[in-house]
Structures are given as C-alpha cells and as structure tokens.
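# Secondary and tertiary structure notes
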Amino acid sequence: MIGAFRDLGRRGLFLFDPETAHGMSIAALKSGLVPTCRINADPRLRQTVAGLDFANPIGMAAGYDKNAEVPEALLKLGFGFTEIGTVTPKAQSGNPRPRIFRLIEDEGVINRLGFNNEGHEAAFQRLKTIRGNGIIGVNIGANKDSADRIADYVAGIRRFYSVARYFTANISSPNTPGLRDLQARESLSALLSAVLAARDEEAAKAGKRIPVFLKIAPDLTEEGMDDIAAEALSHVLDGLIVSNTTLSRDGLKDQRQAKEAGGLSGKPVFEKSTVVLAKMRRRVGAALPIIGVGGVSSAETALEKIKAGADLVQLYSCMVYEGPGLPGQIVTGLSKLLDRERAGSIRDLRDAKLDYWANRNV
C-alpha cells in the first residue's frame, strides 16, 4: 500500500517543478490525504538526548516545513521529532526561482532558496496553537539584509522560547551570502555567547531550559572543525547538527544540473557528511549530543550515522525520492537491525564505527 502510494506520488509530483511539488506535498499533509504511519513502539529506540525524551531517533530536518504549517502531520508519519524553519525575524522571499533542482540519477537535490519564509510571527502563531507533546524544534536564522545577524538569532530565541522544544542556530546555509562566515572562530564565539545568554535569560523567566544546537556545514577544513569543536565545548552548547548541504559536486552523474548554484543534499552527501560527523564526534568527546544529517535513505544509512557518532538522525531530501512512508520504514527497519545486532538499545551501537569514518578524508 505504502509502496504503491510512493510510486504513484513520485510519478505525479515529478510532473511538476520541485518547488510546486513541495507546496503540493504540504497541502496533502494539511488535508490528511497522506496516510498516518502506525508503528509498534520499540523501547530499544527510546533515548534521552539534551534532556528530551525521544520515542525514536529519526527526525525531519529543517527546510521542509519552513513556516510551521504541518509539524504534527509530520510526526504522524513516524518521525520521533521534527524541526521547523529556517525562520528569520522578518518575512523574506528568498532567491529568484527556479531555485530547487532534482538530480534524479543521483537521487539528490540542489537548492538555493535563501531562507524564504513568512517570518517569526507567522510561525509563532501556528506553533502556539499546538497542544500535543511531540518534539518540535525551531531552526532560527538571519535575514539576508540584516544589519546585525547575531541580533536576529537572539530575536529567534526570545520569540519562540515558549513554544520550542529545542533550538537550532543555522549558520551553515550556503544560500545567504556571508552566513557561513559565522562559523569562523571569533564570529562563532560572539554568536554563541549572545544566543546562549539570551537562552539563559529566558530560562530564568520561564523556569525551563530549552536546548540549543548549532548546525554546521560539511565543507570544513580540519582546522575549521577544530575551531567549532573548541567553541562548542567552551560555551557549553547543548549539541551539534552535522551537517547542512554541500557546495561539492564530486561524483555526480547529472553534470547538467550539477552546474546549478546552491547546496547539494540527498544521497550524494551521505559519505561527506558522515565523515564530518565522525570527525566532530572525535573532537567533542562522548557527552555532547550530535544529530547526524545528510543522505539518510534507509534504516541501514540511519544506523551508519549512529555508528559514526550520532545520537539522533534527521532526513529530508531522500523523502523526495522515497515518499512519505520513508520515516516509518526506517524506524521499523531499525528494530530489525537491532535484532540482527543483538543490541539492547540503539544507544549501544553509537560510535561502533567511529574510527572507520573519522579516519577518512573529507
């Protein structure tokens, strides 16, 4: 049933340009046309990360539900958590269309959206109506024309503090000019100091501490990874998300679409993002939570991220090719893999292949 739905949906959606198809998928989730996934809860997949209790380790990455339109519908697909955004203080239209490109042979996607979103207020108004207990993170960013980008991140912490289960400071999109400069050590130190100070002030007022993650790019040098790890540890950050899209075009079959500017995601980024994940795990040690992202298309690739050092895993682009049944299939598949590995908990397998991945070149 799900396979037929996937194949039919893919053929239908691929008749439209990617951005139109994305809008149609959002509309389908809103309408309830997408089947709800019913999976048996497996206690071996449960774990507590950054103080939050996750029913399973599979999450929807930021970028799909930019404006917090369908977070609860996404959770019903089998995800253990979901992340809305990236949201910026002011609404902005992003870069000119076309700005999303399918690389069908590679099962990849290139986008240069540029943080298109309706702004803080629109997303906040939607999130404040949610009454469920699902874990919904808020991914915050800066407006393209902002005079003070750090202030934009601080504004995101303050605006969403009452509705976010966790925050992600996204400084790794390649589609906002100069944004990745915030990964440089001095700039990153200033950003983390301001964001975490704002979080601590809001925590004192609200009586609850919301975790803050930092989302980084896969296009980092060894020295760049050293700097990010040092700042993450010195500022007592709650976790890292590794990683965003890549500017690399290595090994792509579709050389025509590969010429498009923007960040590449999907299956082609799996290896690179997993290597950076493992290298960051080695740098930050065992305690700091890491969410692994990039090219997750199956239970096997999700588990590989965990074996490389991830506590949790996110996906997005591979759903373009695999359909809405993918999260449920991965969660069910992870239970079967735990049977095969004779593991009492998914946690037991973390870092099992850390050295294998961390010793590879980026």
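What counts and what doesn't
Residues numbered from 1 in each chain as written. Predicted model: local features only at pLDDT ≥ 70, side-chain atom pairs only at ≥ 80, totals over all residues. Heavy atoms only, no water. UniProt positions renumbered as here; feature names shortened; annotations may be inferred. Pairing = 2+ DSSP bridges. Helix = DSSP H or I, 4+ residues; strand = E, 2+ residues; numbered from the N terminus. Axes fitted to C-alpha atoms, helices over the stretch in contact; angles between N-to-C directions. Phe/Tyr/Trp six-rings, centres within 6.5 Å; stacked < 30°, edge-to-face > 60°. Buried < 20%, exposed > 50% of the residue type's maximum accessible area, 1.4 Å probe, protein only. Contact = heavy atoms within 4.5 Å.

- As named in an unreviewed UniProt entry, the protein chain is Dihydroorotate dehydrogenase (quinone), taken from Rhizobium miluonense.
- In its Sequence similarities (unreviewed entry) section, UniProt records this for the protein chain: "Belongs to the dihydroorotate dehydrogenase family. Type 2 subfamily."
- The record in UniProt for the protein chain states the following under Subunit (unreviewed entry): "Monomer."

### Digging into the sheet that holds strand 6 (residues 108–111)
- An order of 5-6-11 is seen for the three strands of this open sheet, with the pairing classed as antiparallel. Across the chains shown, the open sheet's two edge strands, defined by having one partner strand only, are strand 5 (100–103) and strand 11 (263–266). Strand-to-strand twist in this sheet, taken as the mean axis angle between neighbours without regard to direction, amounts to 25 degrees.
- With four bridges joining them, strand 5 and strand 6 adopt antiparallel strand pairing. For Ile-100, the partnering residue across the bridge sits in strand 6 and is Asn-111.

### Quick word on the packing of aromatic side chains
- A complete count under the given rule lists nine aromatic pairs for this structure.
- Residues Phe-270 and Trp-357 carry aromatic rings whose centres are separated by 5.9 Å and whose planes lie at 90 degrees to one another, so their mutual orientation is edge-to-face. Of this pair, Phe-270 sits in helix 9 (residues 270–284) while Trp-357 sits in helix 13 (residues 354–358), and the two are 87 residues apart along the sequence. Neither Phe-270 nor Trp-357 differs from the other in exposure class; each is buried.
- Here the aromatic cluster, defined as three or more aromatic residues joined through ring pairs, consists of Phe-54, Phe-81, Tyr-166 and Phe-213.

### A word on the UniProt feature "binding site: substrate" (unreviewed entry) in the protein chain
- As recorded in UniProt, the sites labelled "binding site: substrate" (unreviewed entry) are Lys-66, Asn-111, Arg-112, Leu-113, Gly-114, Phe-115, Asn-170, Asn-175, Asn-244 and Thr-245.
- Mapped onto the elements, Asn-111 comes out in strand 6.
- For Asn-111, a relative accessible area of 16% translates into the label buried.
- Setting aside its immediate chain neighbours within four residues, Asn-111 contacts Arg-99, Ile-100, Asn-175, Thr-245, Gly-262 and Gly-263.
- With respect to the element layout, Gly-114 can be found in the loop between strand 6 and helix 4 (120–127).
- Excluding its chain neighbours within four sequence positions, the residues that come into contact with Gly-114 are Gln-92, Gly-94, Asn-95, Asn-175 and Thr-176.

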